[in-house]
Structure formats: C-alpha cells, structure tokens
Amino acid sequence: MAFENILTTTENGISTITINRPKQLNALNKVTIEELSNAIQSADQDPAVKVIVLTGSGEKAFVAGADIKEFANFSVEEGKKLAAEGQEKLFNLIENAGTPCIAAVNGFALGGGLELAMSCHIRVMSITAKVGLPEVSLGVIPGYGGTQRLAQLVGKGKANEMVFTAGMIGAEEAFQWGLANHVVAPEELLSTCEKIAGKIMKNSSVAISYAIEAINAGYKDGVNGYDAEIDAFGKCFGTEDFKEGTTAFVEKRKPEFPGK
Ligand code: CAA
C-alpha cells in the first residue's frame, strides 16, 4: 500500500507505523487519519503481525495534534463530524484492535497526538516527550476521546487540571501520573518497544485479543466487564492456542502457539 503521510514496515512480527509529516510536527490531517486507519486495519488483519508500534517521524514530535489549519474555519456540524469520524475511524479502531498497539512517543504528543497515544494499549515515552491537551487554549475541547481516556488513565482530578490549564507535562511526570508505562532515552525508545513486543509475542495472540476485548468491556456503557470476561474466558477453551498452551505445560516444554 502506498501512503503519502505515513511509513510502514513489518519485521519479526512487529508492524511499525510512522506518522511522517515532520515539517508540520506530524499533525493529523484528514489524509493522515485515513491512512493510519487503513494501515492499522491491514496490520491487525495480518496473521504475521503480533504487535503494532506507532511513532512519529523526526526528533521533535510524536504528533502535535489535529491539524489546526484544516479545521480553523469549520462550522458546528463540521466540527462534530470531524470528531465523530476521527474517533470511529482511528481512535476507537486502535483501542479495540485485537493486536496490541504500543505508542512510541518520541516528542510532543499534544491534543490529538496525546489522544492517539492514549488510544494505544501501552505507551513508552522518550525522556524528551512533552504531552498535554491544549485544546481549550484554541477555544475547543479534546475531540478524539481525550476527555474520556485521560480521566480513565490518570483519574478525573488530574485530567480536569490538564484539560483546564492546557498545560504540558514532561515524560517523567507522565510516568508518575500513570500516563507512560516506561520512560527511556530517545535512542532506546524503539528497542524498548521491541523488548515489550518480544515478551508479548511469546504468548497466545488469540488469548491476548480476548484479553483486550475483556479489559475494554469494563469501560463501555451498558456492558458488564465481568460478564464479558466470562464470555471471552470461555471462548479461549475453543482455540488451538489453548490446546497448545496447556499441552506444552503438561509436557514441560515451551509452547508454540499457532495463533488460532
Ligand atoms: N496543526 C497544524 N500545524 C501544526 C500543528 C497542528 N496541531 N502543530 C504544529 N504545526 C505546524 C506549525 O504551524 C508550523 O508550521 P509552519 O512552519 O508551516 O508555520 C510547524 O508545524 C512547526 O511548528 P512551530 O513553528 O509552532 O514549532 P514550535 O517548536 O515553535 O512549537 C509546538 C511546537 C509547541 C508543538 C507548537 O507547534 C504547537 O503549539 N502546536 C499546536 C499544538 C496544539 O494545540 N495541538 C492541539 C490541536 S487541536 C486538537 O488536537 C483537537 C482534537 O482533539 C481533535
């Protein structure tokens, strides 16, 4: 697939997707959202891909937000459509993907950029990363799920403060808040993601996809997370991975999961 604003590579079970508009600090315009959506869907459907890593091109930014220049003249209806389509096409897609997604946050992750990182299952930040939701400084609010996911990750009080002040925090503070899983030197960012991916890949990809489903269920309106867990737990018993995992345990050997 040829893309204008993103780069993709797949190696050793890891699909790395790089947002590549460094001159615009990788801001998310319509085309970029569309391309990311396509790339995530095809990686998620590829049985050879066990982990997706999402990062930004250049040293300065992961993503500096939604493209402000693109929406500056939007009407109420257009604004609503921008948020609805973006959430559906990309942010919810990532959160609900069956393949674990790791955000490798290499610099500024602001507005839609932090929202993108928060929609990923795991966040690894370079010590140089700066993150925040500055939307109210533009007269708008986070529209790509930020008001919901930030509160889920750091609690309502801290989320309120970050949104109301439009302030930025560094990677170490993000780690203390629970927003970053790990903080590393810039040169160790991708290798740390690869190490985490390596640990993930030793396990059953089918069981992991059910785990994602069950964990997410607890955050969905009208869905009982415990019931979803029971359902997903039961489904595992019908998989080849389960047979292999339990047989390997009994035979005292390492499992070789077929991923089915
Ligand atoms: N949209 C469009 N262009 C952007 C952008 C964005 N979000 N962020 C940066 N750029 C562009 C700049 O306009 C500039 O382009 P030109 O050279 O063509 O003028 C280029 O990227 C470099 O940016 P700066 O010159 O501003 O770089 P800096 O080092 O001085 O500042 C920064 C860096 C603090 C990140 C600053 O660029 C900035 O504040 N960016 C905007 C951050 C922001 O407000 N994000 C939220 C967007 S709204 C949103 O995301 C809504 C939503 O939830 C759906």
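Residues numbered from 1 in each chain as written. Predicted model: local features only at pLDDT ≥ 70, side-chain atom pairs only at ≥ 80, totals over all residues. Heavy atoms only, no water.

Undergrad: Describe the sheet that holds strand β1 (residues 6-11), naming the residues involved and giving the relevant values.
TA: Reading across from one edge, β1-β2-β3-β5-β7-β10 is the order of the six strands in this open sheet, with mixed pairing throughout. Of all the strands in the sheet, the pair left with one neighbour each is β1 and β10 (182-184). Here the strands of the sheet are splayed against their neighbours by 20 degrees on average, with no regard to which way each runs. Summarising the sheet, strand β2 (residues 14-19) and strand β3 (residues 51-56) pair through six bridges and their orientation is parallel. Note that in β3 the partner of I14 across the bridge is V51. (Pairing = 2+ DSSP bridges. Helix = DSSP H or I, 4+ residues; strand = E, 2+ residues; numbered from the N terminus. Axes fitted to C-alpha atoms, helices over the stretch in contact; angles between N-to-C directions.)

Undergrad: Any details on the pairing of β1? Residues and values, ideally.
TA: The sheet contact formed by β1 and β2 spans six bridges and is antiparallel. Note on β2: the bridge partner recorded for E11 is I14. What sits between the antiparallel neighbours β1 and β2 is a turn of two residues, in which N12 has the positive phi angle 50 degrees.

Undergrad: Lay out the pattern of salt bridges in plain terms, naming residues and giving numbers.
TA: For the structure shown, the criterion picks out eight salt bridges. With a closest N to O distance of 3.9 Å, E213 and K235 form a salt bridge. Taken together, the positions of E213 in helix α9 (residues 205-217) and K235 in helix α10 (residues 225-236) put the pair 22 residues apart, joining distant regions of the chain. With a relative accessible area of 45%, E213 lands in the partly exposed category. Between K235 and D231 there is a salt bridge; the shortest N-O distance is 3.7 Å. In this pair, K235 and D231 both sit in helix α10, four residues apart, roughly one turn of the helix. A residue is classified by how much of its surface remains accessible, and K235, at 37% relative accessible area, is partly exposed. Each of E213, D231 and K235 takes part in one network of salt bridges that share partners. (Salt bridge = Lys/Arg side-chain N within 4 Å of Asp/Glu carboxyl O. Buried < 20%, exposed > 50% of the residue type's maximum accessible area, 1.4 Å probe, protein only.)

Undergrad: Please give an account of the site of the ligand that cites residues and values.
TA: Near the ligand, the surroundings consist of 23 residues, among which K60, K69, G112, E115 and E135 are the closest. Measuring from a nitrogen atom of the ligand, one finds a backbone N or O atom of I68 at 3.0 Å. Interatomic distance of 3.1 Å between a backbone N/O atom of G143 and an oxygen atom of the ligand. In the complex, 67% of the free accessible area of the ligand, which totals 990 Å², lies under the protein chains. Elements represented by at least two residues in the shell around the ligand include exactly α2 (68-71), β6 (108-110) and α4 (112-119). With three residues, α2 is the largest single contributor of residues to the shell around the ligand. Counted by class, the shell around the ligand contains 12 nonpolar, five polar and six charged residues. (Near = heavy atom within 4 Å. Polar contact = N/O pair within 3.5 Å; in protein donor to acceptor, adjacent residues only side chain to side chain. Areas by Shrake-Rupley, 256 points an atom, 1.4 Å probe, with all protein chains shown as cover. Nonpolar A, V, L, I, M, F, W, Y, C, P; charged D, E, K, R; others polar.)

Undergrad: Tell me about the nonpolar core, and name the residues and values.
TA: Core analysis: the biggest nonpolar cluster contains 44 residues, and L116, V131, L150 and L179 have the highest contact counts within it. When residues in this core are grouped by element, the largest group, five residues, is from helix α1 (residues 30-45). When residues no more than four places from it in sequence are discounted, the contact partners of L179 are L114, M118, R123, M125, V131, L150, L153, V154, M162, I169 and A174. Grouped together as the second largest cluster of nonpolar side chains are 15 residues, I122, V124, I196 and I200 included. (Core = buried A, V, L, I, M, F, W, Y, C linked by side-chain atoms within 4.5 Å. Contact = heavy atoms within 4.5 Å.)

Undergrad: Can you break down the state of the cysteines residue by residue, with the values?
TA: Under the criterion given, the structure shown has zero disulfides. Free of any disulfide, C236 has its nearest neighbouring cysteine sulfur in C101, separated by 19 Å. On the basis of relative accessibility, which here comes to 17%, the residue C236 falls in the buried class. (Disulfide = S-S within 2.5 Å.)

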